[in-house]
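As a plain string of letters, each chain reads:
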Amino acid sequence: QVQQVESGGGLVQPGGSLRLSCTPTRPRLDDDAIGWFRQAPGKEREGLACIRSTDQQTIYSDSVKGRFTMSRDDAKKTLYLQMNRLKPEDTAVYHCSDCTVRLHDDWLTFFGSWGQGTQVTVSS
């Protein structure tokens, strides 16, 4: 069995909510930049959220801003992604990983998946 890093995915109806969890398996500093990205079959990775290293502010992609909220519990060593008002186009496998926020335009870059990801399917 693949290491279970991401969890919380499932099947939800449009407009519904879901909360994903990520527990990194490798020791990390609390101020390391970590975040979430997703990937649907045949599509490129889409960065969703990353905590900017310079000021610890969370930067969201335009597609999810206002609907998704990332948080972290350093005591539990867990990263969360609260997803609200889900749409069918949110259907994808969701991953957490190290990330960076590009200085020029806040573009999100991710450095591979820590685990197998968790499937989110939004459908009626």
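Everything below is about the structure printed above this text.
Just so it is clear, the model here is predicted, and its values are computed rather than measured.

Participant: Quick one: what's the story with unusual backbone geometry, residue by residue and with numbers?
Facilitator: In this structure, R85 takes a positive phi of about 50° despite not being glycine. For D106, which is not glycine, the phi torsion reads 65° and is therefore positive. As for its placement among the helices and strands, D106 is situated in the loop between β9 (92-101) and β10 (108-110). Note on D106: relative accessible area 32%, which makes it partly exposed.

Participant: Account for the side chain of H95, with residues named and values stated.
Facilitator: For H95, the position within the fold is in strand β9. The exposure class assigned to H95 is buried, which follows from its relative accessible area of 10%. Discounting chain neighbours no more than four positions away, the residues touching H95 are E6, G35, W36, F37, S113, G115, Q116 and G117.

Participant: Help me get a handle on the pairing of strand β11 (residues 118-122), residues and values and all.
Facilitator: Burial along β11 is one-sided: the residues T118, V120 and V122 are buried and none of Q119 and T121 is. Relative to β11, β9 runs antiparallel, the two sharing 3 bridges. Bridge pairing in β11 links V93 to Q119.

Participant: Describe in detail the environment of F37, supporting the description with residues and values.
Facilitator: Structurally, F37 can be placed in strand β4 (residues 34-39). Among the residues examined, F37 registers a relative accessible area of 1% and is labelled buried. In the structure, F37 is positioned 42 residues away from L79 in sequence and 13 Å away in space, judged by C-alpha atoms. Contact partners of F37, with chain neighbours within four places excluded, come to R45, E46, G47, L48, V93, Y94, H95, S97, F110, G112 and S113.

Participant: Break down the nonpolar core for me, with residues and values.
Facilitator: Counting 24 residues, the largest nonpolar core has L20, W36, F68, L81, M83 and Y94 as the members making the most contacts within it. Of all the secondary structure elements, the ones that give two or more residues to this core are β3 (18-22), β4, β5 (46-51), β7 (68-73), β8 (78-83), β9 and β11. Contact partners of Y94, with chain neighbours within four places excluded, come to E6, L20, W36, F37, R38, L48, F68, L81, M83, G117, T118 and V120.

Reading the values: the criteria
- Along each chain, residues carry numbers from 1 onward, in the same order as the chain's sequence is written.
- Local features in this predicted model are restricted to residues whose pLDDT is 70 or higher, and side-chain atom pairs enter the listing and the counts only when it is 80 or higher, whereas totals over whole chains, interfaces and linings include all residues.
- Side-chain measures here rest on the full set of heavy atoms in the structure, leaving out hydrogens and waters.
- The helix count covers DSSP runs of H or I at least four residues long, the strand count covers runs of E at least two residues long, and both are numbered beginning at the N terminus.
- Per-residue accessibility, obtained with a 1.4 Å probe over protein chains only, is compared with the maximum for each type, and a residue is labelled buried under 20%, exposed over 50%, and partly exposed between these values.
- Two residues form a contact once any of their heavy atoms are found within 4.5 Å.
- For two strands to be treated as a pair, DSSP must find at least two bridges joining them.
- Take the buried Ala, Val, Leu, Ile, Met, Phe, Trp, Tyr and Cys residues and link them wherever side-chain atoms come within 4.5 Å; each set so joined is a nonpolar core.

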